[in-house]
Amino acid sequence: ALALAREADRLGYRRIWYAEHHNMPGIASSAPEVIIATVAAQTERIRVGSGGVMLPNHAPLMVAERFGTLEALHPGRIDLGIGRAPGSDPRTAWALRRAGGASGHDLPELLGELYGYTEGFPPGHDLHGLRATPGFGALPPVWLLGSSGSSAQLAAHLGLPFATAHHFSPEATVPSMRAYREQFTPSNRQERPHAMVTVQVVVADTEPEARGIADAFALMFLRMRSGAAPDVLPSAEEVAAYRWSDDERAWADAMLDRQAVGTADQVLRRLAELVEETAADEVMATTVAPDPAARLHSYRLLAAAAGLEAAAAEE
């Protein structure tokens, strides 16, 4: 992860985000703030953020203080992406939330409390006078993350930038992005709508090679779809040995067709189609691959094809 972050910084990528997941053997991202701090200290230009912090898992004051601290350490380079899901299974959600009993339905209230610690509570409020230190007056940009219309509508209502998870909920992408733009209300934090679509991207030298790498992602989701608990990403050997039924192969191909998998030219065309369909302002590429070298190669090919280094140099 650190090697990828340093290379992404060099290649000219604009942002790198880390999710919050718990009790998932294949995802070492249960403490995004720790990873963000480490990566920001080892990079120079790239924005580093959470994609996202699951706010109902945490006391809003702690989130405000932690991200206020990160912003103080790395001014202008931190993003605070926020989501409502627990980031795991129901038992783990209970273990995380049993003290406060918060749920995703509380997200508007929790966001209001978060902003109260960084912008001030009105006179008469029970928490008036409480401030995040660091953090008051210096919270990094807040994004609302989601994979449904409800999150898009909340982001629009609050006047926040919005990121949609096309990589695991593609059927909701276009309706969510449309709802966000149609219902957006300008705020003192965001004057105009600004939306990001997150896509599973695999670039390789040939299309068959890219599809073979991406099959690990498809097989992982196929197992979860059949009710299996989340596990480590299948290895290339597991994927090669797996005997797909006709229905499974058709489902996997249809899933990957909705993402961006292929040669650099094919991926750029697919991403352009997604931007056209969604009116996205940014695309975030998430590359799930069993081989770290193949993953890094994918990001290098994408950066070269998109001219990211030249664009970063001009900035």
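Note that the coordinates shown come from a computational prediction; the quantities given were computed from them, not determined experimentally.

For an α-helix the count is 3.6 residues per turn, leaving residues at separations of three or four pointing the same way. Compared with the 27 Å implied by 1.5 Å per residue over 19 residues, the 26 Å span of helix α8 (residues 207-225) between its first and last C-alpha is a close match. Largest kink in α8: about 30°, centred on A214. Considered for burial, the residues of α8 that qualify are A210, R211, I213, A214, D215, A216, F217, A218, L219, M220 and L222. Buried residues belonging to α8 abut β6 (195-203), α9 (236-241), α10 (246-257), β7 (260-262) and α12 (292-306). At the N-terminal boundary of α8, the capping side chain belongs to T206, with an oxygen 3.2 Å from the backbone nitrogen of E209.

A separate point is the side chain of D9. With respect to the helices and strands, D9 occurs in helix α1 (residues 2-11). A polar contact of 2.9 Å, which involves the side chain of D9, links it to the backbone nitrogen of I46. Discounting chain neighbours no more than four positions away, the residues touching D9 are T43, E44, R45 and I46.

Turning to unusual backbone geometry, a few remarks are in order. Residue G52 is bonded to the preceding G51 through a cis peptide linkage, with omega at 5°. The omega torsion of the bond from T133 to P134 falls at -5°, within 30 degrees of zero and hence cis. The topology assignment puts P134 in the loop between α5 (107-119) and β4 (142-146). Look at N23: it is not a glycine, yet its phi comes out positive at around 55°. If you trace the backbone, N23 turns up in the loop between β1 (15-18) and α2 (32-41). Overall, N23 belongs to the exposed group, its relative accessible area being 56%.

Judged by nonpolar contacts, the single largest core of 58 residues is most densely connected at F67, L80, I82 and V201. Here this core takes 6 residues from α5, the largest share from any one element. What L80 contacts, discounting residues up to four positions off in sequence, is S50, V53, V63, F67, L114, L139, P140, P141, V142 and W143.

Cut-off values and rules
Residues numbered from 1 in each chain as written. Predicted model: local features only at pLDDT ≥ 70, side-chain atom pairs only at ≥ 80, totals over all residues. Heavy atoms only, no water. Helix = DSSP H or I, 4+ residues; strand = E, 2+ residues; numbered from the N terminus. Expected span 1.5 Å × (residues − 1). Bend = angle between axes of the 7 residues up to and from the residue. Buried < 20%, exposed > 50% of the residue type's maximum accessible area, 1.4 Å probe, protein only. Contact = heavy atoms within 4.5 Å. Polar contact = N/O pair within 3.5 Å; in protein donor to acceptor, adjacent residues only side chain to side chain. Core = buried A, V, L, I, M, F, W, Y, C linked by side-chain atoms within 4.5 Å.

Everything listed here is a matter of geometry and, on its own, says nothing about what the molecule does.
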